[in-house]
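What follows is each chain in one-letter form.
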Amino acid sequence: MNIKILLAIIYAAVVVLLGAATIAGQCHGIDYAREACYGAPWMVALWIFLVLSGLVHIVRSHVRRFSFILLHASFVVILLGAFLTHLFGVQGTLHLRKGSFSTIYVPSQASAGSQQHTLPFAVRLDDFSVQLYVENGNIADYKSMLTMADTSTHQMISRHEVSMNNIAVCRNWRFYQWSYDSDGMGATLIVNHDPWGIAVTYIGYFMLFAALCMETIHCCRRIVRHKRKEGRFTRFERAVLAVAISLSVAIMLCGAWFFITQMTDTNPWISQMQPILNSPLLSVHVAIIAVAYLLLLMAFVISIHGIITRRYRQLSLLLLYPAVACLAAGIFVGAIWANLSWGEYWSWDPKESWALVSMMVYAVPLHHRSIPWMRSDRAYHLYIALSFLVLLFTCFGVNMLLSGLHSYA
């Protein structure tokens, strides 16, 4: 079978299965979806085949552009990090009562080999408090004061304050605030030990962000040069680009303002937020995703016109390249935030899964030169128009029909 056809089949299968797994998770629970689909051996094998077939296709295509190679290599590194987490990562919950040491944690279902596991050191809860906003009495944060000590002698190793979006790290074990006892004398922490997976994944994120910037600039410059050879941009095209740039800058400025007020505790809406949302990464994540959605909305509007006139393909691509770059960057900024808040950078929450599906769907037309049927202007615009339905479900359908960690969104 032609490697390009094989790659397309595997890619489409992954996209469909990721979407279907969110429905299975809604019906039978997220743990079932993780075991039966996301973490199942056949799904892992499918990802491996996707990577291998993609690498073969890239080698055969003889593309030598550094940004192109770095971009696709970053996804391979991120998947490798996820695979290492799947193999060696350990996660569970640690329940502590004030003043008492504990070394026992209960592993999560994904990493459970027995009912209880033992930490290599002891942990004591020295104090727990619920912080409230003075303005309205809403909960601002949950804070646990911890002492890490030698298991046998209880000689202190270190002391830490753990709160929402503020983790403790001791000997590559990470502790996250999760819940607390009704009497205020105890707290439950998430425990995570994944030194290899997290390190490799973060390297992949760094590669991705660098490659996205380089590749987007390269592709947009190529389109602009092509348009100059054909002639100038039309008045309509210039107007669309001006609106896209202006609104994108406005969104990023709002995000920057929100970031600064979060950092300085001067945000007027901060007292209305859940503690998990009280993070500067909220503004970064939301602003980048908002820019992506704006550009994809504009690409959709242009595609409706393009289906009829078979025009504005280059204009659509000028919007699509930065849109997909922002969508990818926003997803992985959210993953970093999740790792700092919940102890895992990817939990297969329905919103995460459908955001990944959207990114994979919109990445297809970026490879239009290697997809024969996508070379037709009408087919290209039709694909962009239909892809917008996936984005709409990601934005609104998931919130209305599927429950998960993003249910507050």
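Residues numbered from 1 in each chain as written. Predicted model: local features only at pLDDT ≥ 70, side-chain atom pairs only at ≥ 80, totals over all residues. Heavy atoms only, no water.

### Brief notes about the overall build of the protein chain
As a reminder, the rule being used: Note on conventions: DSSP H or I runs of at least 4 residues are helices, E runs of at least 2 residues are strands, and numbering of each starts at the N terminus. The globule rule is 2.2 Å times the number of residues to the power 0.38, and the radius of gyration it is compared with is taken over C-alpha atoms. Partly exposed residues are those whose accessible area sits between 20% and 50% of the maximum for their type, while under 20% is buried and over 50% is exposed, using a 1.4 Å probe and protein chains only. In short, Shrake-Rupley with a 1.4 Å probe defines the accessible areas, and a residue's cover is counted only from the protein chains shown. By the counting rule applied here, Lys and Arg register as positive and Asp and Glu as negative, while His and the ends of each chain are not counted. Every charge is mapped to an atom, namely NZ of Lys, CZ of Arg, CG of Asp or CD of Glu.
Each helix and strand in the protein chain was counted, giving 10 helices and 8 strands. Computed over the C-alpha atoms, the radius of gyration of the protein chain is 24 Å, within 12% of the 22 Å expected from 2.2 N^0.38 for a compact globule of 409 residues. Its C-alpha atoms give the protein chain principal-axis dimensions of about 75 × 55 × 40 Å. By residue count, 48% of the 409 residues in the protein chain fall in the buried class. Total accessible area on the protein chain is roughly 20,300 Å²; 67% of this is exposed by carbon and sulfur atoms. In the protein chain, 28 positive and 19 negative side-chain charges are present, and the distance between their average locations comes to 22 Å.

### Description of the packing of aromatic side chains
Which entries qualify depends on this criterion: Note on ring pairs: Phe, Tyr and Trp rings are taken, using the six-membered ring of Trp, and paired if centres are within 6.5 Å. Classes follow the plane angle, with under 30 degrees stacked, over 60 edge-to-face and the rest tilted. Consider the ring centre and the ring normal. A charge sits over the ring if Lys NZ or Arg CZ is within 6 Å of that centre and within 35 degrees of that normal.
What the rule picks out here adds up to 14 aromatic pairs. Centre to centre, the rings of Phe236 and Tyr312 are 5.0 Å apart; their planes meet at 55°, and the pair counts as tilted. Within this pair, whereas Phe236 is found in helix α6 (residues 235-264), its partner Tyr312 is found in the loop between α7 (280-309) and α8 (313-341), the two being separated by 76 residues in sequence. When its relative accessible area of 41% is taken as the criterion, Phe236 is described as partly exposed. Plain terms: the ring middles of Phe300 and Phe388 are 4.3 Å apart, the flat faces sit at 15° to each other, and that makes the pair stacked. Taken together, the positions of Phe300 in helix α7 and Phe388 in helix α10 (residues 377-401) put the pair 88 residues apart, joining distant regions of the chain. Judged by relative accessible area, Phe388 falls into the buried class, the value being 10%. Grouped by ring-pair contacts, the aromatic residues Phe75, Tyr202, Tyr205, Phe332 and Tyr345 constitute a single cluster. Taking the ring centre of Tyr380 as reference, the NZ or CZ of Arg313 above it sits at 4.7 Å.

### Details of the pattern of salt bridges
Stated precisely, the cut-off is as follows: We define a salt bridge as a contact between a side-chain nitrogen of Lys or Arg and a carboxyl oxygen of Asp or Glu at a distance within 4 Å.
Applying the stated criterion across every chain yields a total of 7 salt bridges. A salt bridge links Arg313 to Asp377, with the nearest nitrogen and oxygen atoms 3.2 Å apart. Of this pair, Arg313 sits in helix α8 while Asp377 sits in helix α10, and the two are 64 residues apart along the sequence. A residue is classified by how much of its surface remains accessible, and Arg313, at 9% relative accessible area, is buried. Residue classification places Asp377 among the partly exposed residues on the basis of a relative accessible area of 27%.

### Digging into the side chain of Ser387
For clarity, the threshold we go by: The contact criterion used throughout is that any non-hydrogen atoms of two residues lie within 4.5 Å.
Position of Ser387 among the secondary structure elements: in helix α10. A residue is classified by how much of its surface remains accessible, and Ser387, at 3% relative accessible area, is buried. Discounting chain neighbours no more than four positions away, the residues touching Ser387 are Val361 and Tyr362.

### Some details on the sheet that holds strand β1 (residues 90-97)
By way of backbone hydrogen bonds, the strands of a sheet pair with one another, either parallel or antiparallel. Heads up, the condition is: Strand pairing requires that DSSP identify at least two bridges connecting the strands. Only the contacting stretch of a helix is used when fitting its axis, a line to C-alpha atoms as for every element, and angles between N-to-C directions run 0 to 180 degrees.
The strand order across the open sheet formed by 8 strands is β5-β4-β3-β2-β1-β8-β7-β6, and the pairing between neighbours is antiparallel. Edge strands, defined here as strands with exactly one partner in the open sheet, are β5 (156-163) and β6 (168-170). Neighbouring strand axes in the sheet, compared pairwise and without regard to direction, differ in orientation by 35° on average.

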